[in-house]
Structures are given as C-alpha cells and as structure tokens.
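Given next are the chains, with one letter for each unit.
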Amino acid sequence: MPAVTADTLTLPRLPRLPETTAWRRAAKVVKAQKFLEGEGFQVRRPFPGVDLAMADPFLLLDHMGAVEYAPGEAKGAPWHPHRGFETVTYMIDGAMQHTDSIGGGGLITDGATQWMTAGAGILHNEVPPQDMVAKGGLFHGVQLWVNLPRTLKLAQPRYQDIGAADARLLSSDDGGVLVRLIAGDLAGHAGPGATQTPITYVHASVAAGARLAVPWPKEFNALVYVLSGSGVVGQEDRPLEEGHLAVLGPGDALTLRGRSAWEVLVLGGRPINEPVARYGPFVMNTRQEIIQAFEDYQAGRLGQIPAAHLGSTVE
C-alpha cells in the first residue's frame, strides 16, 4: 500500500483523551455490496444500499479493488455528466487518469486525491492510464460522493488536485497509528481539501494492538470503513473487518483499535438535512430539478467534451 507513509514516531501526536470522554458507540454495522460500474469494473459499496440509504452529507462510497489487473483488464468510466454534488477520488495503489470539460484533470496515483465539485454541471472521464491497460497492475482506490446544499447545487464547477505529499500526516497518541488527514479538521490540524460541505476525511493505518482516539465534532456524523485487516470500534469493542462500515452514534470523540494491521477510512460531516432527489449522475432537491438536469445535459449546457477527446463515448 504505497499511499503516503512516514515514521509515526516523528510526527505530531494527537492529544490523549480522558477515559471519561463521551465516546461514540457503533450504532450499526453495514456490509458493502458488490456492483459493476463504468465499463464493468467491480466496486464494493456500503452505501447507498438496503441497509444504509445515505449518510448525510455523504451520498455514496465506492471501494475500488484492491485488484491485480492482468494486461488488457483495467477498465474505467468514460465520459459522463454530473450535477449537484462533489466527487472525491482517493487513489491508494495504481493510477486513474481524469479529464473534465472545464480543463481540469491529471493522473491520480499512490496517495493522491482528486476533488471535483460538479455543481451546476460537468462532464468527466475516469480511465486507467494506457500503460496500466497494456501491462496490468495493482489498482486500489475509493470514491466518495459529497452532497451540496441547495444554495450550492448550481455553483461554478471546480477541480482540486491534492497531491500525496499534501496530506496532513499525524500520529495517534500511542504512536501506533499513521493518520493521513485529507480534508477537514482533526484536533486542531487542518487537511488540504477545501470543502463546500463541512466534512472530515481521514485514512488511518493502524498497527496491531494500536489505538486511535480522536475528538469528533458533536454536530458531525461519524463513519468507519475498513479497507483491509480487522479491528474493533467504540469503547464496547465492536468487531469490524474488511468491506464493513460502522455508523457511530452521538458523542464527543471516537475510538478504534487494530487487531491486525488495519487500514480504515474515518469520515464525518455536518448533515445538510434537505430533501434529496437523485437519479444516476444527478443529485438535486426535487424531481423537477432532476428533469431539468437531463434537459440541460441533452442540450449541451453541462459542458462539452474537449476536441482532443471527441472520439470517446459519453454515457
């Protein structure tokens, strides 16, 4: 797993929290279901699904891989539209090539994050680079959809390229957890991602037996998703293994501990608490706004494929 690594003993430590802290309990555990996306690549999706429709302000979490592609097997998601939310693509292993209709793009690889605010509308293309298609290789990443409030649904599209070296690196109070803060605030430390909707996004590597305990905003929800390995969450030590997501209840802080080497995402955000109308690549507040999004897309008002890519297919 080549996502940014560091010696945890040399990093700033998160504060030690008293045991009297109001710890969040694991209220629910959800197993990710498997789906095919784009040209036919498999994802594991803990939400939306039967057990968890959404986790306001988050709309979708797709875990891509980890998979070792043979030559010719790597697939992507060719040109397609979005409106009304943000996509956050975090690559852990391998690479993804991104291009969009406002001139953003680049290669997302090994610990880098691409943050795309679709807002009023955008077309984008997510495909593996040609050398991966030709040679194959390890591919592992995550895509998170973050909702936008009504006032920002039609905001100007924006692209953020967050390099692997940009993540804020921290250590747990016991020195056994490497924390990569991608966005938001964690105990006074700020991540590089500029968020439209207040959220915190963390990738933690937890050594066997190590514990991560962090203060968490009372007004945020809290989710823990396992990329690999196993451990426990909450003071009650609720087991959590690869492909499972824990939804934590109210409180001032969260805690988790590794049973084995454990890779987890820790996510949270302030709920928007607005009606959600969604269909395919569009997320709005009403059915009429979804219809309008389709009409605008068909009329070319969500952007145009750059001339160099006109041979590609829009889905």
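For the structure itself, look to the data block above.
Residues numbered from 1 in each chain as written. Predicted model: local features only at pLDDT ≥ 70, side-chain atom pairs only at ≥ 80, totals over all residues. Heavy atoms only, no water.

Visitor: Summarise helix 2 (residues 287-298); cite the residues concerned and give the values.
Guide: With 12 residues, helix 2 extends 17 Å between its outermost C-alpha atoms, agreeing within 8% with the 16 Å of an ideal straight helix rising 1.5 Å per residue. Every buried residue of helix 2 is listed here: Ile 290, Ala 293 and Asp 296. Mapping the buried residues of helix 2 onto a view down its axis gives an arc of 125 degrees, with all of them on the same face. Exposed residues on helix 2 whose side chains face more than 90 degrees from its buried face are Arg 287, Gln 288 and Gln 298. Contacts made by the buried residues of helix 2 are with strand 25 (277-279) and strand 26 (282-284). Trailing helix 2 by a residue or two, Gly 300 shows a phi angle of about 80 degrees, which is positive. (Helix = DSSP H or I, 4+ residues; strand = E, 2+ residues; numbered from the N terminus. Expected span 1.5 Å × (residues − 1). Buried < 20%, exposed > 50% of the residue type's maximum accessible area, 1.4 Å probe, protein only. Arc of directions from axis to C-beta. Contact = heavy atoms within 4.5 Å.)

Visitor: Hey, could you go over the layout of surface pockets for me, with residue numbers and the actual values?
Guide: Considering only enclosed or pocket space, the largest pocket measures out at about 430 Å³ in volume. Along its surface, the largest pocket is lined by 22 residues, and Glu 37, Gly 38, Ala 77, His 80 and Trp 145 are the ones closest to its centre. Elements supplying a minimum of two residues to the lining of the largest pocket: strand 3 (41-47), strand 4 (58-69), strand 5 (77-82) and strand 11 (137-147). No other element matches the 5 residues that strand 5 contributes to the lining of the largest pocket. Grouping the constituent residues of the lining of the largest pocket by class yields 10 nonpolar, 7 polar and 5 charged. (1 Å grid on protein atoms, 1.4 Å probe; cavity = no way out; pocket = protein on both sides within 12 Å on 5 of 7 lines; lining within 4 Å. Points joined across faces, edges and corners; volume = space filled by probe spheres on them. Nonpolar A, V, L, I, M, F, W, Y, C, P; charged D, E, K, R; others polar.)

Visitor: Quick rundown of empty space enclosed by the protein? Include the residues and the values.
Guide: By the definition in use, this model includes 1 cavity of 30 Å³ or more. Of the pockets and cavities examined, the largest cavity occupies roughly 30 Å³. Along its surface, the largest cavity is lined by Val 179, Leu 186, Val 202, Leu 212, Val 214, Trp 216 and Val 266. Taken together, the residues of the lining of the largest cavity break down into 7 nonpolar, no polar and no charged.

Visitor: Break down the sheet that holds strand 10 (residues 122-127) for me, citing the residues and quoting the values.
Guide: The strand order across the open sheet built from 4 strands is 5-10-7-8, with neighbouring strands paired in antiparallel fashion. Two strands bound the open sheet, and with one partner strand each, they are strand 5 and strand 8 (105-109). The mean inter-strand angle of the sheet, taken between neighbouring strand axes irrespective of direction, is 20 degrees. (Pairing = 2+ DSSP bridges. Axes fitted to C-alpha atoms, helices over the stretch in contact; angles between N-to-C directions.)

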